[in-house]
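Okay, here's what each chain looks like letter by letter:
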Amino acid sequence: MKHSARIIPIYAADTSGVCSALYELGGMTVVHDASGCNSTYTTHDEPRWYDIDSMVYISALTETEAIMGDDAKLVSDITETASKLSPKFIALCGAPVAMMIGTDYQALAIEIEENTGIPSFCIQTNGMHSYLKGASEAFEAIINRFCKEDNMPQKKDSVNILGATPLDFSVNGSIKSIKQWLYTEGFSTVSCMGMGSSLEDIKNAAGASVNLVISYSGLSAAKLLKKRFGTPYVTGVPFGQKFAGVLADKLRTASKNKENLFPSSERFTNGSNLSIVGESIYSGSLARAIELEYGKTARVLCPLETSTELQAESDGEIPDEESAEKELALASGIIADPLYKPICPNDVPFYRLPHEAFSGRCYRSEIPNMIKESLKATVFRDI
Amino acid sequence: MLKSLKTINETKAPEISIAKAAFPEPFITGLEYNAPARGTWNIVHTGMLIPESHQIFICAQGCLRGVILTAAEMNAMDRMSWVSICENDFLDASLEDDIVNGTTEILNKMETLPPVVLVFLSCVHLFACCDFAITLKELEKRFPTVDFIESYMTPTMRKSGLTPDALMRKQLYSPLKPVPKNSKSINIIGNDRPTDQSGRLITMIKKSSFVIKDITNCKSYKAFLNMAESAVNITYLPTTYAAGEELERRLGQRHLHIPLSYSYHEITENFKRLSVELDMKIPDFSEDIRKAEKALEAAHTEIGNLPITIDYTATPRPISLARLLTEHSFRVEKIYSEAFVATEEEDFIWLKEHAPNILLASTVHPEKRFLKKEIPERKVLAIGQKAAYFNNTPYFVNIVSGGGLYGFSGIIRLAEMMIEASLKPKKTKELISYKGLGCESCL
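The rules behind these values
- Residues numbered from 1 in each chain as written.
- Chains lettered and ligands numbered in written order.
- Predicted model: local features only at pLDDT ≥ 70, side-chain atom pairs only at ≥ 80, totals over all residues.
- Domains from an automatic or database assignment.
- Helix = DSSP H or I, 4+ residues; strand = E, 2+ residues; numbered from the N terminus.
- Nonpolar A, V, L, I, M, F, W, Y, C, P; charged D, E, K, R; others polar.
- Contact = placed C-beta atoms within 7 Å.
- Axes fitted to C-alpha atoms, helices over the stretch in contact; angles between N-to-C directions.
- Left-handed = near helix turned anticlockwise from the far one by under 90°.
- Pairing = 2+ DSSP bridges.

Can you walk me through the domain arrangement of chain A in this structure?
Note on interface size: it is often stated as the accessible area lost on association of the parts. Residues and elements named next belong to chain A. Assigned domains of chain A: these are domain 1 (14–146), domain 2 (158–263) and domain 3 (265–378). Between the C-alpha centres of domain 1 and domain 3 there is a distance of 32 Å. Where the side of domain 1 that touches domain 3 is concerned, the elements lending two or more residues are α2 (36–45) and α7 (131–146). Split into classes, the residues belonging to the side of domain 1 that touches domain 3 amount to 3 nonpolar, 2 polar and 2 charged.

In structure tokens, the structure reads:
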């Protein structure tokens, strides 16, 4: 085990990713856990918790129930609550102790569905992975369960937005701005999975002509939609005026040619010492936007799950504090969450870009909406 | 005529009248909701009370996240480190090595070694039968200048023996070592915040030339360790009792538990026990009682028939408080708590008879997610953050864990706070979002 940190925090966990992805869909999400997952999620990882009701609960697992393997209580509690609250679906996931006792979530979901008649499924979490994994699998589960199978015609220039959760985009209007940008570029939005769409919208996801993947948590959903309906996908967040234009063109191309495109990682990387720390599509898009707007190259240092198609040649992975500190020591400028500052060189310019999945609500009010806006005018004047 | 509490069963409903409620746990637990009231302290806040201390949490990512960000919000990330656990750690029998090596790696990176490190293990360590003792022994060998505190974040065990909160307060004082006793030194043990300095508890002790030590006032680790010299430890919150007992057993410090109460009789008896223990003259409490009566009367004049709700985060004795207020003609409408401490039983029975319509309400019942919006807009005075949230009211007394109030002076101050709260609305959403009321916050 090498994963330790002296001074930086840890990213939101898989259970939070599940809850966040499913939050607005009218279902009931139950985390099989004693206590911590719920309070952590609702305090630090879910900015919608106070104002928007959602059925996210924990099972309140106790020592005795864990030792006795008392799955019957869990099934009974979920069945009873569902019968009163009538959720549109029931999603079950779990924390470390539930994993240790070998909880068979799939069997439980089947039993719960038999009891309630409500579509039920599980997401295999254990609190030991990042929110991206949890959200990815939650989006996949929703698509598998609810997207219509019949031959739905794909509407020209229509888009699903995949990978939207407040963990990457906070609640600062970015998602609304993305939808607005799509509209002004002549696209219609079929669904935005995670934020701003209902389960009914998602059921029609097969009707989109192209999918826009705005974070890694939407990538596996995009692949699934490609496999099931042939829908191509494009990775990127329309940061900055120039990259927004590029991204719109890529969407049109992908839609027309039925090919997947990765503009967030199509970057010149030679000699780039400006480092951006964060989720790969978000940060890659920012790097590309900086390249187009400032004429400077930037590399992405990704501390989270990613894949090769999302990385440019000089990008790096920083899975722990030690590797992050080494890579950041080479940078001539750093764009990162403020809680990375203690491991950054003091003599290198540091540009604060808070990330909800990392610093939670600490700097929420500072998280910028960079959609289609000039970065020079709004966020980074002097990179 | 009173009925035996043993014959009453718990309910699955989110609320129940006290007349029909079981004691000490009125509700059957099931799935749980988490209300967004964050003022109560958690184990990180409590651990930070030890001056110059550093905390290292060893657990899964999901468990780490909340405690790490607690420190981040306190602007105290320089006092917090972590080691994460993954699936493989259970398969290769390396849990103990991982604790030792992870902690060693972190401490070796520090420019200066802290004098004390709280090492926190989690539920999975207990289930995997991790040998905590052997890991601490090895760490002590590697870092002989550091005191290591065996600490736990084990919510799975919250209904097995000591609660995690009580266990934390017990472990907090484990670095104290046996030293010669100073008969004129007294500790207040286990509290998050200083006890009201102008109250009878503090003034009567100080008047008899005793020095009072309290972790909340310690400015250095050395000052904290000096608490070991005190001859007597006073505790008054339920979660601090185990700490007092442990220190008596281990250091020979006499433990005097004088439970926080809102009963004149119980308060008087507590002060009498304190006087006997410290060989002080038992004071005449009639003036204290007169002042408390006057304060409550003034509060009632202002508050009148306004509905009052109380929650367990404000005070560990909400039933005792409800009885006091009911006896003084206040309109207590609802008490929010999942369970009550044993010392509440007598007042619980009294309320069953004299105020049977008071509702007991769960704070975690799944339906509570939606009940908030069903409450009609009306003025309600809440005592505690959860009561404020569930009643959607800006009129609330913002205290947790008794607020450092104790005895007659505590009642007087609480009455004043109730008046203030009923007159001046607060920004509820903002105030209850801060973690650890009274702690520094970056929000």
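After presenting the structure, the write-up continues.
Could you clarify how one ought to interpret the domain arrangement of chain B in this entry?
Residue and element names in this part refer to chain B. Each assigned domain of chain B is listed here: domain 1 (51–172) and domain 2 (182–277). Centre-to-centre, using C-alpha coordinates, domain 1 lies 28 Å away from domain 2. Taken together, the 11 residues of domain 1 in the interface contact 11 residues of domain 2. Broken down by element, the residue count for the side of domain 1 that touches domain 2 peaks at 5 residues, all from helix α7 (residues 164–172). When the residues that make up the side of domain 1 that touches domain 2 are grouped by side-chain class, the tally is 6 nonpolar, 1 polar and 4 charged.

Quick question: what am I supposed to make of the packing of α7 of chain B against helix α10 (residues 241–251) of chain B here?
Geometry of a packed helix pair, given as the angle between the helix axes and the separation of the axes. Residue and element names in this part refer to chain B. Between α7 and α10, the shortest axis-to-axis distance is 7 Å and the interhelical angle comes to 30 degrees. As for the relative orientation of α7 and α10, their crossing is right-handed in sense. Contacts from A166, R169, K170 and L172 of α7 reach α10 at A242, A243 and E246. When its residues are assigned to classes, the contact of α7 with α10 shows 4 nonpolar, no polar and 3 charged.

Explain the sheet that holds strand β4 (residues 90–94) of chain A to me, please; I cannot follow it from the model alone.
Within a beta sheet, neighbouring strands are joined by backbone hydrogen bonds and run either parallel or antiparallel to one another. All names here are of chain A. Strands sit in the order β3-β2-β4-β5 across an open sheet of 4 strands; the sheet is parallel. Only two strands of the sheet have a single neighbouring strand rather than two, namely β3 (55–58) and β5 (120–122). Within this sheet the neighbouring strands show an average axis-to-axis angle of 20 degrees, counted without direction. Direction of pairing for β4 relative to β5: parallel, over a ladder of 3 bridges. When the sheet's bridge partners are listed, A91 is paired in β5 with F121.

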